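Okay, here's what each chain looks like letter by letter:
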Amino acid sequence: MQRERLAAASPVKKPRRDHSGSQEAAAATLATTSATCAFVGLRNQGATCYLNSLLQSLYHLSAFRQAVYNVPTEHEPPVASVASTQTSIALALQRVFYQLQFGTSSSAVSTQPLTRSFGWEARDAFVQHDVQELSRVLIDALASSQLAADGTVERLFAGKMESRVECPRVSFKSTRIETFCDLSLTVKGCRDLIESLDQFVQPEHLVGENRYAAEGYGLQDAVKTCRFVTLPPGGLFQDRGIMQCCALTPSSNVAVSVHCSF
């Protein structure tokens, strides 16, 4: 693959307000605005907005994008059609990234070859999948490719966290180091990512029905704490608040709008 060339983004012109009420004039203004923007969108297959958000986020990590381009796929069958299920995830992702980078803003990129490489059928595009689980599918698929050999995936996304459980009433302490590639954080009520991370490491008191099964001591009141040993340069963070909201109201659609800077 040739060396990556990033096109400089042109300033986006704000569309003029159409006082005449003409839908045709508004559409023409929107088309003009899109033509001045250097970014390319992704076509929604039905309920794949979560997939598009994930792909755009990963695409804008330049180190990850270049690593995907570097995966050797020249001996694989080409992406001949959207019906092909023989294409690897790495090759299909290369195609999406290439079209996002060198395509035109007037034509949205199709993700059907990529979802076909997942083994999805047409009806799967209309099912709301878990974005955190999907990100793990992508990362695991790429980790089994050439990216695993040079440690790219681990270097970009893997961090280490120390978890500790202490029982104040007995002499028990447990410590372990875990590797993570994504985290579920609380965003609502936090001004920025730092506050969300601070809230994540707050002590958790395990009492009552949540008492900890300490080896040799049975159920005990305990305090669970964690701290970050290392943080990756490209973290994948899931909003825990949205998952909780959806769990409380499973039969209704809930729109959550939260501002969080990072």
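That block above? That's the structure.
None of the values given here were measured: they were computed from a predicted structure.

## Observations concerning the overall build of the chain
Along its length, the chain carries 10 helices and 8 strands. Here the chain, with 262 residues, has 34% of them falling under the buried criterion. For the chain, contacts bridging at least 24 residues in sequence account for 65% of all contacts bridging at least 6. Carbon and sulfur atoms make up 52% of the accessible area of the chain, which totals about 16500 Å².

## Examining the sheet that holds strand S7 (residues 222-230)
The antiparallel open sheet is built from 4 strands, whose spatial order is S2-S1-S7-S4. Sheet topology places strand S2 (172-180) and strand S4 (204-206) at the edges, where each strand pairs with a single neighbour. The average angle at which neighbouring strand axes cross in this sheet is 25 degrees, direction not considered. Here 7 bridges tie strand S1 (residues 159-167) to S7, and the two strands are oriented antiparallel to one another. Its bridge partner lying in S7, Glu-162 is registered against Arg-227.

## Here we look at the nonpolar core
If you look at the biggest cluster of nonpolar residues, it comprises 31 residues, and the most contacted ones within it are Phe-64 and Phe-97. When contributions to this core are tallied by element, the ones reaching two or more residues are helix H2 (49-59), helix H3 (62-69), helix H4 (89-102), helix H6 (131-143) and helix H8 (152-157). Looking at which element gives the most residues to this core, the answer is H4, with 7 residues. Apart from the residues lying within four places of it in its own chain, the contact partners of Phe-64 are Leu-58, Leu-93, Phe-97, Ile-139, Leu-142, Leu-156 and Phe-157. One finds Phe-180, Leu-185, Leu-197 and Phe-200 within the second-largest nonpolar core, a separate group that totals 8 residues.

## Looking at the pairing of S2
Bridging between S1 and S2 involves 9 bridges; their strand directions are antiparallel. Pairing of Met-161 across the sheet is with Glu-178, part of S2.

## A look at the packing of H3 against H4
Relative orientation of the contacting elements H3 and H4 amounts to 125 degrees, with a least axis distance of 9 Å. The angle between the axes of H3 and H4 places the two elements in the oblique class. Regarding H3 and H4, the two cross each other, and that crossing is left-handed. On H4, the residues that touch Phe-64, Arg-65, Val-68 and Tyr-69 of H3 are Ala-90, Leu-93, Gln-94, Phe-97, Tyr-98 and Gln-101.

## Brief notes about the pattern of salt bridges
Counted by the stated rule, this structure contains 5 salt bridges. The salt bridge involving Glu-162 is made with Arg-164; its shortest N-O contact spans 3.9 Å. One salt bridge in this structure joins Arg-176 and Glu-178, with 3.4 Å as the shortest N-O distance. Here the salt bridges share partners, and the residues they tie into one network are Glu-162, Arg-164 and Arg-227.

## Points about the packing of H2 against H4
Running from N to C, H2 and H4 cross one another at 75 degrees; their axes reach a closest spacing of 11 Å. Viewed along their axes, H2 and H4 adopt a mutual orientation that is roughly perpendicular. The segment H2 lies against H4, with Leu-55, Gln-56, Leu-58 and Tyr-59 engaging Leu-93, Val-96, Phe-97, Leu-100 and Gln-101. Classifying every residue of the contact of H2 with H4 gives 7 nonpolar, 2 polar and no charged.

## Notes on helix H9 (residues 193-200)
For H9, the set of buried residues is Ser-196, Leu-197 and Phe-200. Looking straight down H9, one finds that the buried residues subtend no more than 95 degrees of arc, so they occupy a single side. Where H9 begins, the capping side chain belongs to Asp-192, and its oxygen is found 3.2 Å from the backbone nitrogen of Ile-194.

## Some thoughts on the pairing of S7
As paired elements, S4 and S7 share 3 bridges and run antiparallel to each other. Bridging across to S7, Leu-206 finds its partner in Ala-222.

## Observations concerning the packing of aromatic side chains
Using the criterion set out here, one finds 7 aromatic pairs in the structure. A centroid spacing of 6.2 Å and a plane angle of 70 degrees characterise the contact between Phe-64 and Phe-97, whose relative ring orientation is edge-to-face. One end of the pair, Phe-64, is in helix H3; the other, Phe-97, is in helix H4, with 33 residues separating them in the sequence. Under the relative-accessibility criterion, Phe-64 is labelled buried at 1%.

What counts, and at which threshold
- Residues numbered from 1 in each chain as written.
- Predicted model: local features only at pLDDT ≥ 70, side-chain atom pairs only at ≥ 80, totals over all residues.
- Heavy atoms only, no water.
- Helix = DSSP H or I, 4+ residues; strand = E, 2+ residues; numbered from the N terminus.
- Buried < 20%, exposed > 50% of the residue type's maximum accessible area, 1.4 Å probe, protein only.
- Contact = heavy atoms within 4.5 Å.
- Areas by Shrake-Rupley, 256 points an atom, 1.4 Å probe, with all protein chains shown as cover.
- Pairing = 2+ DSSP bridges.
- Axes fitted to C-alpha atoms, helices over the stretch in contact; angles between N-to-C directions.
- Core = buried A, V, L, I, M, F, W, Y, C linked by side-chain atoms within 4.5 Å.
- Parallel < 35°, antiparallel > 145°, perpendicular 65-115°, else oblique.
- Left-handed = near helix turned anticlockwise from the far one by under 90°.
- Salt bridge = Lys/Arg side-chain N within 4 Å of Asp/Glu carboxyl O.
- Nonpolar A, V, L, I, M, F, W, Y, C, P; charged D, E, K, R; others polar.
- Arc of directions from axis to C-beta.
- Polar contact = N/O pair within 3.5 Å; in protein donor to acceptor, adjacent residues only side chain to side chain.
- Phe/Tyr/Trp six-rings, centres within 6.5 Å; stacked < 30°, edge-to-face > 60°.

Structural measurements only, silent on function.
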